[in-house]
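Fold and contact review
One letter stands for each residue in the lines below.
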Amino acid sequence: MFSIESLERGIEGCKKNITVFEDAIDKERDQIKEYYGMIDVLRKKEQVNKALKKVEETINADPSKLLQ
């Protein structure tokens, strides 16, 4: 049989474990935010590259095709 004291120590141990897990979850959420920021930067870079490619295609286009 368990004593009250040992069960109370068990409760305190659980509380400490919960704190550790909550801290880990917070860190993972921060990491997710960082990844989203990185994704946004890469998407914007893709958009710029696509726009530059269109500009380059227009510059290199045959002028007679532009008049049609």
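Refer to the structure above for everything that follows.
Predicted model, so just to flag it, every value in this text is computed and none were measured.

With that settled, the discussion passes to the overall build of the protein. A tally of helices and strands in the protein yields 2 helices and 0 strands. Expressed along its principal axes, the backbone C-alpha trace of the protein runs to roughly 95 × 15 × 10 Å. Taken over 68 residues, the protein has a buried fraction of 0%. A total accessible area of about 6900 Å² is found for the protein, and carbon and sulfur atoms account for 60% of it.

Moving on, we come to the environment of V20. Here V20 is to be found in helix α1 (residues 4-60). Counting along the chain gives 10 residues from V20 to D30, while the straight-line C-alpha distance between them is 15 Å.

Moving on: the environment of E12. Among the secondary structure elements, E12 is positioned in helix α1. By relative accessible area, E12 is classed as partly exposed at 42%. Separated by 11 residues in sequence, E12 and D23 have C-alpha atoms that sit 17 Å apart.

Turning our eyes to something else, we now look at the pattern of salt bridges. Summed over the entire model, instances satisfying the criterion amount to 1 salt bridge. Here K15 ties to E12 by a salt bridge, and the two come within 3.8 Å at their closest N and O atoms. Of this pair, K15 and E12 both sit in helix α1, 3 residues apart, which is roughly one turn of the helix.

Together, E22, D23, D26, D30 and E34 line one region of the surface with negative charge. Examined against the element boundaries, D26 turns out to sit in helix α1.

A cluster of nonpolar residues, I32, Y35, Y36, M38 and I39, forms a patch on the protein surface that exposes about 520 Å² of accessible area. A relative accessible area of 35% places I39 in the partly exposed class.

A residue is classified by how much of its surface remains accessible, and D26, at 42% relative accessible area, is partly exposed. Measuring from C-alpha to C-alpha, the distance between D26 and E5 comes to 32 Å, with 21 residues separating the pair along the chain.

About the criteria used
Residues numbered from 1 in each chain as written. Predicted model: local features only at pLDDT ≥ 70, side-chain atom pairs only at ≥ 80, totals over all residues. Heavy atoms only, no water. Helix = DSSP H or I, 4+ residues; strand = E, 2+ residues; numbered from the N terminus. Buried < 20%, exposed > 50% of the residue type's maximum accessible area, 1.4 Å probe, protein only. Areas by Shrake-Rupley, 256 points an atom, 1.4 Å probe, with all protein chains shown as cover. Salt bridge = Lys/Arg side-chain N within 4 Å of Asp/Glu carboxyl O. Patch = residues over 30% accessible without salt bridge, like charges linked within 9 Å, V, L, I, M, F, W, Y side chains within 5 Å. Lys, Arg positive; Asp, Glu negative; His and termini not counted. Charge placed at Lys NZ, Arg CZ, Asp CG, Glu CD.

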